[in-house]
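# Overview (structure and organization)
Listed below, chain by chain, are the residues.
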Number of protein chains: 4
Amino acid sequence: MTGSVFGQLFRTTTWGESHGRAVGCVVEGCPSGLTLSESDIQKELDRRRPGGRLASSRKEKDKVEILSGIFENRVTGTPISLLIWNKGVDSKPYEKFKDLFRPGHADYTYFAKYGIRDWRGGGRASGRETVGRVAAGAIAKKILKNFGVSVGGYSKEIAGIKCDTSGGFEENIQRAESNELRCPDETAAKQVEEKVLEAREEGDSVGGIAEIVVRNAPAGLGEPVFNKLDAYLAYAIMSVPAVKGVEIGTGFEVSRMRGSEDNDPISVGKGDIKFETNNAGGILGGISNGEDIVLRAAIKPTPSISKTQKTANYKKMEEEEIEIKGRHDPCIVPRAIPVLEAMTAVVITDCMMMQRLIPRFV
Amino acid sequence: MTGSVFGQLFRTTTWGESHGRAVGCVVEGCPSGLTLSESDIQKELDRRRPGGRLASSRKEKDKVEILSGIFENRVTGTPISLLIWNKGVDSKPYEKFKDLFRPGHADYTYFAKYGIRDWRGGGRASGRETVGRVAAGAIAKKILKNFGVSVGGYSKEIAGIKCDTSGGFEENIQRAESNELRCPDETAAKQVEEKVLEAREEGDSVGGIAEIVVRNAPAGLGEPVFNKLDAYLAYAIMSVPAVKGVEIGTGFEVSRMRGSEDNDPISVGKGDIKFETNNAGGILGGISNGEDIVLRAAIKPTPSISKTQKTANYKKMEEEEIEIKGRHDPCIVPRAIPVLEAMTAVVITDCMMMQRLIPRFV
Amino acid sequence: MTGSVFGQLFRTTTWGESHGRAVGCVVEGCPSGLTLSESDIQKELDRRRPGGRLASSRKEKDKVEILSGIFENRVTGTPISLLIWNKGVDSKPYEKFKDLFRPGHADYTYFAKYGIRDWRGGGRASGRETVGRVAAGAIAKKILKNFGVSVGGYSKEIAGIKCDTSGGFEENIQRAESNELRCPDETAAKQVEEKVLEAREEGDSVGGIAEIVVRNAPAGLGEPVFNKLDAYLAYAIMSVPAVKGVEIGTGFEVSRMRGSEDNDPISVGKGDIKFETNNAGGILGGISNGEDIVLRAAIKPTPSISKTQKTANYKKMEEEEIEIKGRHDPCIVPRAIPVLEAMTAVVITDCMMMQRLIPRFV
Amino acid sequence: MTGSVFGQLFRTTTWGESHGRAVGCVVEGCPSGLTLSESDIQKELDRRRPGGRLASSRKEKDKVEILSGIFENRVTGTPISLLIWNKGVDSKPYEKFKDLFRPGHADYTYFAKYGIRDWRGGGRASGRETVGRVAAGAIAKKILKNFGVSVGGYSKEIAGIKCDTSGGFEENIQRAESNELRCPDETAAKQVEEKVLEAREEGDSVGGIAEIVVRNAPAGLGEPVFNKLDAYLAYAIMSVPAVKGVEIGTGFEVSRMRGSEDNDPISVGKGDIKFETNNAGGILGGISNGEDIVLRAAIKPTPSISKTQKTANYKKMEEEEIEIKGRHDPCIVPRAIPVLEAMTAVVITDCMMMQRLIPRFV
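### Some remarks on the overall build of chain A
- Check the secondary structure of chain A and you find nine helices and 18 strands.
- The globule rule puts the C-alpha radius of gyration for 362 residues at 21 Å, and the 21 Å found for chain A is close to it.
- Structurally, chain A occupies a C-alpha span of about 70 × 50 × 35 Å along its principal axes.
- Counting over 362 residues, chain A shows a buried share of 68%.
- A fraction of 71% describes how many contacts in chain A between residues 6 or more apart in sequence connect residues 24 or more apart.

### Section: the interface of chain B and chain A
- Facing 89 residues of chain B, the contacting portion of chain A comprises 89 residues.
- Across the side of chain B that touches chain A, the residue classes tally to 39 nonpolar, 31 polar and 19 charged.
- Taken together, the three bridges between strand 11 (residues 243-248) of chain A and strand 11 (residues 243-248) of chain B define a ladder with antiparallel strand orientation. Note on strand 11 of chain B: the bridge partner recorded for Glu247(A) is Gly245(B).

### Focus on the confidence of the model for chain A
- The share of residues in chain A with pLDDT of 70 or more is 97%, and the mean pLDDT across the chain is 95.
- Among the prediction metrics, the complex's ipTM stands at 0.97, with pTM recorded as 0.97.

### A short note on the relation of the copies chain D and chain B
- In screw terms, the move from chain D to chain B is a rotation of 180° and a rise of 0.0 Å along the axis, fitting with an RMSD of 0.0 Å. Here the transformation between the copies is reduced to the relation of a two-fold axis. Among all C-alpha atoms of chain D, that of Thr13(D) lies closest to the rotation axis, at 3.8 Å.
- A shared interface surface links the copies, since 100% of the contact residues of chain D are contact residues in chain B too.

### Quick word on the interface of chain D and chain B
- Opposite the 35 residues of chain D that make contact, chain B presents 35 residues.
- For the side of chain D that touches chain B, the secondary-structure elements that each account for two or more residues are strand 2 (11-16), strand 3 (22-28) and helix 3 (107-114) of chain D.
- Residues that form the side of chain D that touches chain B fall into these classes: ten nonpolar, 16 polar and nine charged.

### Comments concerning the packing of helix 4 (residues 130-145) of chain A against helix 9 (residues 333-354) of chain A
All names here are of chain A.
- Two elements in contact, helix 4 and helix 9, have axes separated by 7 Å at closest approach and are oriented at 50°. As the angle between them shows, helix 4 and helix 9 are arranged oblique. Once helix 4 is placed against helix 9, the crossing between them reads as left-handed. Here Thr-130, Arg-133, Val-134, Ala-136, Gly-137, Ala-140, Lys-141, Ile-143 and Leu-144 of helix 4 lie close against helix 9, whose contacting residues are Pro-338, Val-339, Glu-341, Ala-342, Met-343, Ala-345, Val-346, Ile-348 and Thr-349.

### Some thoughts on helix 6 (residues 186-201) of chain C
Residue and element names in this part refer to chain C.
- The first and last C-alpha atoms of helix 6 sit 23 Å apart over 16 residues, in line with the 22 Å expected at 1.5 Å per residue.
- For helix 6, the set of buried residues is Ala-188, Ala-189, Val-192, Glu-193, Lys-195, Val-196, Ala-199 and Arg-200.
- The inward-facing, buried residues of helix 6 abut strand 8 (150-158) and strand 9 (161-162).
- Gly-203 lies just past helix 6 and shows a positive phi near 70°.

### Details of the sheet that holds strand 7 (residues 80-85) of chain A
- On the basis of which strands lie adjacent, the open sheet formed by five strands has the order 1-2-3-7-4 (chain A) and antiparallel pairing. Two strands lie at the open edges of the sheet, namely strand 1 (5-6) and strand 4 (64-66) of chain A, each paired on one side alone.

### Quick look at the pairing of strand 12 (residues 266-269) of chain A
Residue and element names in this part refer to chain A.
- Direction of pairing for strand 12 relative to strand 13 (residues 272-275): antiparallel, over a ladder of four bridges. Bridging from a neighbouring strand, Val-268 pairs with Ile-273 of strand 13.
- Connecting strand 12 to the antiparallel partner strand 13 that follows it, the hairpin turn spans two residues, and Lys-270 within it adopts a positive phi of roughly 50°.

### Section: the nonpolar core
- Counting 484 residues, the largest nonpolar core has Ile237(A), Ile237(B), Ile237(C) and Ile237(D) as its most contacted members.
- Those residues in contact with Ile237(D) that lie beyond four places of it in its chain are Val243(D), Val246(D), Leu295(D), Ala297(D), Leu340(D) and Met343(D).

### A closer look at the sheet that holds strand 3 (residues 22-28) of chain B
Residue and element names in this part refer to chain B.
- If you walk across this open sheet you meet the five strands as 1-2-3-7-4, and the pairing is antiparallel. At either end of the open sheet lies a strand with only one pairing partner, and these are strand 1 (5-6) and strand 4 (64-66).
- Lying over the sheet, helix 1 (residues 38-48) contacts strand 4 and strand 7 (80-85), oriented at roughly 155° with respect to strand 4.

### Quick notes on the pairing of strand 7 (residues 80-85) of chain D
Residues and elements named next belong to chain D.
- With five of six residues buried, strand 7 lies mostly within the body of the structure.
- The pairing of strand 3 with strand 7 spans six bridges and is antiparallel. Across the sheet, Ala-22 pairs through a bridge with Trp-85, a residue of strand 7.

### Side note on unusual backbone geometry
- For the peptide bond that leads from Pro224(A) to Val225(A), omega is 10°, which places it in the cis range.
- Position of Val225(A) among the secondary structure elements: in the loop between strand 10 (208-215) and helix 7 (229-238).
- In this structure, Ala242(B) is a non-glycine residue whose phi angle is positive, near 80°.
- The exposure class assigned to Ala242(B) is buried, which follows from the 21 C-beta atoms found within 10 Å.

### Here we look at the environment of Arg215(D)
Residues and elements named next belong to chain D.
- Following the sequence through the fold, Arg-215 ends up in strand 10 (residues 208-215).
- When the 17 C-beta atoms within 10 Å are taken as the criterion, Arg-215 is described as partly exposed.
- For the pair Arg-215 and Gly-148, spaced 67 residues apart in sequence, the C-alpha separation works out to 8.2 Å.
- Arg-215 has contacts with Val-149, Ser-150, Phe-169 and Asp-292, leaving out every residue within four places of it along the chain.

### Side note on the environment of Ser260(C)
- Along the polypeptide, Ser260(C) turns up in helix 8 (residues 259-262).
- We classify Ser260(C) as buried; it has 21 C-beta atoms within 10 Å.
- Ignoring anything within four residues of it in the chain, the contact list for Ser260(C) reads Asp204(D), Ile305(D) and Lys307(D).

### Observations regarding helix 5 (residues 169-177) of chain B
Residues and elements named next belong to chain B.
- Those residues of helix 5 that sit buried are Asn-172, Ile-173 and Ala-176. Axial view of helix 5: buried residues confined to an arc of 95°, hence all on one face. Exposed and oriented more than 90 degrees from the buried face of helix 5 are Glu-170 and Glu-171.

### Comments concerning the environment of Ser18(D)
- Here Ser18(D) shows up in the loop between strand 2 and strand 3.
- Residues contacting Ser18(D), with those up to four places away along its chain left out, are Arg120(D), Gly121(D), Gly122(D), Gly123(D), Ser126(D) and Arg128(D).

Scoring rules and cut-offs
- Residue positions within a chain follow its written sequence, with the count starting from 1.
- All chains are assigned letters beginning at A, and all ligands numbers beginning at 1, according to the order in which they are written.
- Whole-chain, interface and lining totals are the exception, using all residues; otherwise, since this is a predicted model, local features are given only for residues with pLDDT of at least 70 and side-chain atom pairs are given and counted only at 80 or more.
- Numbering goes from the N terminus for both helices and strands, where a helix is a DSSP run of H or I of at least four residues and a strand is a run of E of at least two.
- Throughout, the radius of gyration refers to the C-alpha atoms, and the reference size of a globule is 2.2 Å times the residue count to the power 0.38.
- Comment: burial labels come from other C-beta atoms within 10 Å of the residue's own C-beta, placed from the backbone, where a count of 20 or more is buried, 12 or fewer is exposed, and between is partly exposed.
- Note on contacts: each residue gets a C-beta atom placed from the backbone, and two residues are in contact if those atoms are within 7 Å.
- Residues are sorted three ways: Asp, Glu, Lys and Arg are charged, Ala, Val, Leu, Ile, Met, Phe, Trp, Tyr, Cys and Pro are nonpolar, and all the rest, Gly among them, are polar.
- Being paired, for any two strands, means DSSP has found at least two bridges between them.
- What pLDDT reports is the predictor's confidence in each residue, on a scale of 0 through 100.
- Superposition of the copies used a least-squares fit over C-alpha atoms from residues whose pLDDT is at least 70 in both.
- Only the stretch in contact is used when a helix axis is fitted, and all axes are lines through C-alpha atoms; the angle between N-to-C directions ranges over 0 to 180 degrees.
- Roughly parallel covers angles under 35 degrees, roughly antiparallel covers those over 145, roughly perpendicular covers 65 to 115, and oblique covers all other angles.
- Crossing handedness is read from the near helix: turned anticlockwise from the far helix by less than a right angle, it gives a left-handed crossing, and turned clockwise, a right-handed one.
- Between the first and last residue of a helix there are one fewer steps than residues, each counted as 1.5 Å, and that sum is the expected span.
- To count as a nonpolar core, a set of buried Ala, Val, Leu, Ile, Met, Phe, Trp, Tyr and Cys residues must be joined through C-beta atoms within 7 Å.
- The directions considered for the arc run from the helix axis to the C-beta atoms.

Below is the structure:
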């Protein structure tokens, strides 16, 4: 695992900048024989694509092309190269910021690290980089589907408004996909929408919390002691832009609980071990226990806001004010969800392969 | 990075079970010329060792022996093998649980993964495994010290009692080390102590939150897009037993903030870029920005409690009740802190080496 | 390091099949600030391209496109994605072999491994895959040039005809590049040419030995004990299609020498350590010693021959005869040389980065 | 894979210096349920141990201790830590060389790399380091045995004397183990013995070639394009001290063959694909084809010789003469064979695990 290579047996290499020629990824280790077409990947890219009243107005077509690794609609076992041309790119609005470090962005840190920085649209640090992740995740999801494992996500909370998610996985997913904010709770969705529009009107943005659930993952996933399933998921999730916190199961709330409340009682059902509650979020000692794997990610408000902010011009080494106008999502949570799902699916696939649970499909 | 190997250039391999013959680690990639003795490591192991009224009564001597990699008190550049014999081990109390899965423990998941399980003292899943981490972290800390970088930690909250940490890093560290609970706030410390004793009396346990701070880390650490500094830290921290959540800087609270509140204003000070606030916790776009790196870990209540719990006997496939008597810390937070510091120090060292900031010392 | 990812700090991911849409690679870890253009890469691809009377008549344009990682002609530090479209591909001649395993080829083994096989032009197992390696190697060569390190190669022996290489590195390279067979000895070149033409006429092919030399590599490269420089080079070189042997310095001949003959005497010259001979090929104990790094690769005769061969039809599970007509190099040695140079350059670059000898260029 | 960590799923970390306190290794990824005891490992260590008239007189007991990863004689799936104390070490003879670089040794290169050097007995660069490899290899061999796969080796040639190995695998192995030189040919063994004794008498040493054969390995092992089975084996073999060349199957001789001679004809036998010859050495396109895997390693003459040699004193930066008296094998080939077998067994095990052919044993 390195800067741009992720995974052990199911390995994803991503590349590309926001305003470069294209973005893409290379997926290595996909089991041979899997049927795979561009439409399998396209549908996940479409879920990530901006759209609607609450989102950035950038028209990203994000049409994926498969360049290798597929023969007669099946995976051959060799690297799958996926490419998405960057279209409709306009770097001009970024030109006036090229000597400024946008607050909340990676402008300064990339400059500090590399001594050079592609200022067009945030370069590699742009959320656009996640296109490659979603493409890889679509392949992982297709693999998992063969084993009855599904990965889904929704907004748990936006701008302080909590969503009721007591309806269960299928219902939450279905409801979430029916509104732009991916809220699995219609009442909350309306309140959230108001908050988001209000923030946008004020040239501001809001954050939130996404919840990701994995259903039917087998027990035994994760490699102790460092590559625990929860550690691996935390790594994957925290690598998604704008995420500032990750928790598993009951998460931070566990810090206020007693052991007798937190420990999930174990019972025997149909000749199998079952857990009566799921505070553990499906993971004990870093290994999956067969229950739903549940995690949440804290997502910061979009850093690009049109409100006046204080920053520095590094050429002049002087302080300046900055106002970032343009097409920016006032809330990134709904678009982050497919990315978080993708990373989760990639981790689960890799762990199932490590556990030798995924044979080739031919 | 694998189950028991951690790091890219500064690599730690740990091994050992709670009631096996020994635990240890092999550290590879330590820059040559560093002066290093067993006492450098011993002092960190002593910080991790249980003791006092509030802790487990197991007498772990934890005397480290250096078996390789050092010549005339200096690191030669070859692997440093560290070994700590397990002493005073008594596996008898675990015998009656050998067919039971202790709730909140990894008993079931190890069994599901491996089909076999060393039930003595939790085996590899025991907190004792962290001895190897702390030993490796002691080396990392010594390296970092040469560059003025320090890593410290303290209890931020235990059993719902929040500690006042407004005093600043040095003061927090000093105060935390003066009490058994590692609370940097004496008033809170007393309240926490009461809660912990109360839990123990009731055969129960409590959880909490630890905060870890890195001072003087240079800007530019972390490898985008997957091996971001915050992702790498989340991976390291979540791999520590009992951790159920990780957050960076303002963390989960950021989900309720506006962009204009969360973005840290940038200013120019002494010819250098500075951030006026530190909501980012020292990391932007996955790369350190030169400010304090701040993270928090949610730690669950010790799962071993003497209260009656419901579980399953997997030999008989029947439900049973379990009461785990014996020497167990009613609160693991203070002992987890040196482990969290160690993992943090290891990550920072590795990232500084990746950034070519650590030459050999000779 | 995995099937299609190579390197530790300077990492290359390659992808693509012979008759797929394109081939390419992603290079991660290239130091920022390096000036790099498509022409830097193109010139190495052109050296690999077939041409002339003795070569395959396939017209591969191999025009490289840089898709990411470069901004204003300089490397930004993010992944460099390189793409070469496959043009002029005609899969029809392969159709009649689609149920046959061509002798000397990977047809059977890919089928055994994956259960499915892209039979068009050899798929991923085709020599065409090496385009991505040469592209990555071109970047490595450009990095090395900044440090005065050069990598060159030539035919040492073809079809049993040995080349006189006593003229020294510069002369050997220059002479080798002046003839199609990359022989650094004109007399030998003529004899070799005869042998090659003779083989072709008979529907057959010949093998040979290539020698690769690295000049001015610093002492200290290589990581003991497994990732020794010679081990790493052997790994890289043996991964090139058609290579069946690798030797360093005096190589296999050393097995017939006495220690007193083989050991290179050490002397002091200009305040520096020097070796009076170079049987070691520049590597002692797996670490470079500052002398020329010299290695040789044994390259098998092209397996595609038009002579009748015995093979099996796996659909019918019957034996059949096969004659592989078409455009195939009767000797692959000259075209393998740029590939071997590329792999060598990539290894040396990676080792120099591991040794922290390559800073960023800005 | 790093300096001291080897393997992807079956991972070995070795540590230790010749005259340090101990040497050892940590093996991670061993399938759970395997029965394993110290005697399984001891028997391979004993094969490596010096002894007899032709070998070093150092009395290495090499008694292995298992410190972790085993419970009730079975592998639990957690890291197996193996330790061998260094006994009977006498560093005094090395003291007079501490400012000299012994020709043919890694003294200078370690110094150049690390700026510091453990001069006692060669430190980490000593052949003693291979104890850890042999221990790991013993575990790999035990795993492979469960699948009918065996790895054996013998001297193919020593001091220019070739051994007749036409008797077949079982016979070669049996004969080789019956003499100190591991020659599978009694006539040659006697000639070799004379040559070795002659060299020793003259204060000199001889080299040779070892051949390693893997029987019954399944087809499909190896990961194209970089981690080919032959590339991986070349990496492993070349990392063994004193190896200067590696070849697969017909090896370097292939460079003088025609394609029609080299290509192994394919036939159908018992409903399965068979190869009529084995020039390929069991590997095509980097993937095993089900035939015997055959490789050879060129081993240089022991660099420690008592003949006078020219070298440099780096403290004084002056040339000096050196005579290395003491207990050194005049021919390292027989003792290298168990090490080469170990590395081969480790690679085959890892590749079988990558190919998901090794489940857990419980």
